[in-house]
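So the chains spell out like this:
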Amino acid sequence: MTRTTAAGGNTPGRRAPAPQLEVVAALFVDFGVDRGPEEEQRPPRARYECVPCNYRSHVVTGAAAVAAFVETAADAHRAVCPSRQETHL
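Let me begin by describing the structure that accompanies this report. (Residues numbered from 1 in each chain as written. Predicted model: local features only at pLDDT ≥ 70, side-chain atom pairs only at ≥ 80, totals over all residues. Heavy atoms only, no water.)

Concerning the environment of Cys53
No. 1: By the secondary structure assignment, Cys53 is in the loop between β6 (45–50) and β7 (55–56).
No. 2: Along the backbone, Cys53 and Pro82 are 29 residues apart, and their C-alpha atoms lie at a distance of 6.7 Å.
No. 3: Setting aside residues up to four positions removed in sequence, Cys53 forms contacts with His77, Cys81, Pro82 and Ser83. (Helix = DSSP H or I, 4+ residues; strand = E, 2+ residues; numbered from the N terminus. Contact = heavy atoms within 4.5 Å.)

Quick word on the nonpolar core
No. 1: Membership of the largest hydrophobic core is limited to nine residues, which are Ala25, Ala46, Tyr48, Cys50, Val60, Val66, Phe69, Ala73 and Cys81.
No. 2: Elements represented by at least two residues in this core include exactly β6 and α1 (63–78).
No. 3: Among all residues touching Ala46, those that are not within four sequence positions of it are Phe28, Val29, His58, Val59, Val60, Val66 and Phe69. (Core = buried A, V, L, I, M, F, W, Y, C linked by side-chain atoms within 4.5 Å. Buried < 20%, exposed > 50% of the residue type's maximum accessible area, 1.4 Å probe, protein only.)

Quick notes on the pairing of β6
No. 1: Note: strand β3 (residues 25–30) against β6, six bridges, orientation antiparallel. Of the residues in β6, the one forming a bridge with Phe28 is Arg47.
No. 2: Pairing of β6 with strand β8 (residues 60–61) involves two bridges; the strand directions are antiparallel. Bridge pairing links Arg45 to Thr61 in β8.
No. 3: In terms of strand pairing, β6 meets β7 through two bridges, oriented antiparallel. Counted as the bridge partner of Cys50 is Tyr55 from β7. (Pairing = 2+ DSSP bridges.)

Quick look at the structure:
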């Protein structure tokens, strides 16, 4: 998730500067490895981080759990984030 901030004024005859993007949250997803019964196996896993309040979720593992977590993690955290009024869109 990113947030756009103003990058200065607009000067006639010059192109407006590109808006600055700032990362405010991240969703990390590892899709895992499944190479058969005799090879390396690692289940899918995911976690969510909020930069402004330094929140870091627990790691969720398993295909069904990761799918459900990805759908709800950002909205669930935004509902309780102490920095929401100042930094979240």
